[in-house]
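Coordinate analysis (summary)
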Amino acid sequence: MVQYPQIDRTLAALADPTRRAVLERLGGGTATITELAEPFGISLTGMKKHVRVLEEAELVTTEKVGRARQCSVGPRRLEDVQEWTETYRRMLDERLDRFGELLERKKGTPQ
């Protein structure tokens, strides 16, 4: 079985709705952990855990600025995830095409 450790980290990070919302928020500009936590009503510790997962997937970067930790969108792009999903989509399309061909052949065969 082929292993995709970076894709696994990325998809795990994106699986959580809070983390997806954090990425959307950071798409509009940098924010502190406190600013990110406020709309969710979660503790700073809880938001730090979410940010750490996003950092490990390289989707977010953080920098200590004074007493706050400033977050911004990371350098990670999603081309490898896009490539993987495209490969999987093509495989499913080919299977469906073969299934359609099988049905057409069965349709023409007397019962």
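Residues numbered from 1 in each chain as written. Predicted model: local features only at pLDDT ≥ 70, side-chain atom pairs only at ≥ 80, totals over all residues. Heavy atoms only, no water.

1. Some points on the environment of Ser72
Mapped onto the fold, Ser72 is located in strand E3 (residues 68-73). As for Ser72 and Met47, which are separated by 25 residues in sequence, their C-alpha atoms are 14 Å apart. Look past the residues within four positions of Ser72 in its chain and what remains in contact with it is Leu26, Thr30, Leu59, Val60 and Thr61. (Helix = DSSP H or I, 4+ residues; strand = E, 2+ residues; numbered from the N terminus. Contact = heavy atoms within 4.5 Å.)

2. So, the pairing of E3
The pairing of strand E1 (residues 31-32) with E3 spans two bridges and is antiparallel. Bridge pairing in E3 links Ala31 to Cys71. By the bridge criterion, six bridges tie strand E2 (residues 60-65) to E3 in an arrangement that is antiparallel. Residue pairing in the sheet places Thr62 in a bridge with Cys71 of E3. (Pairing = 2+ DSSP bridges.)

3. Here we look at the sheet that holds E1
Within the open sheet, the three strands sit side by side as E1-E3-E2. Their pairing is antiparallel. A strand with exactly one partner marks an edge of an open sheet, and here the two such strands are E1 and E2. The strands touched by helix H2 (residues 17-27) are E1, E2 and E3; relative to E3, the strand with the most contacts, the crossing angle is about 85 degrees. Across the sheet, helix H4 (residues 44-56) lies against E2 and E3, angled at about 120 degrees from E2, the strand it touches most. (Axes fitted to C-alpha atoms, helices over the stretch in contact; angles between N-to-C directions.)

4. A short note on the pattern of salt bridges
Under the counting rule described, the total for this entry stands at three salt bridges. The partner of Glu86 in a salt bridge is Arg89, and the shortest N-O contact between them spans 2.4 Å. Here Glu86 and its partner Arg89 are both found in helix H5 (residues 79-108), three residues apart, which amounts to about one turn of the helix. Given the relative accessible area of 39%, Arg89 is considered partly exposed. As a salt-bridge pair, Arg90 and Glu86 come within 3.6 Å of each other at their nearest N and O atoms. Highlighted residues: Arg90 and Glu86, both in helix H5, separated by four residues, approximately one helical turn. Note on Arg90: relative accessible area 41%, which makes it partly exposed. Note on Glu86: relative accessible area 30%, which makes it partly exposed. Through salt bridges with shared partners, a single network forms among Glu86, Arg89, Arg90 and Asp93. (Salt bridge = Lys/Arg side-chain N within 4 Å of Asp/Glu carboxyl O. Buried < 20%, exposed > 50% of the residue type's maximum accessible area, 1.4 Å probe, protein only.)

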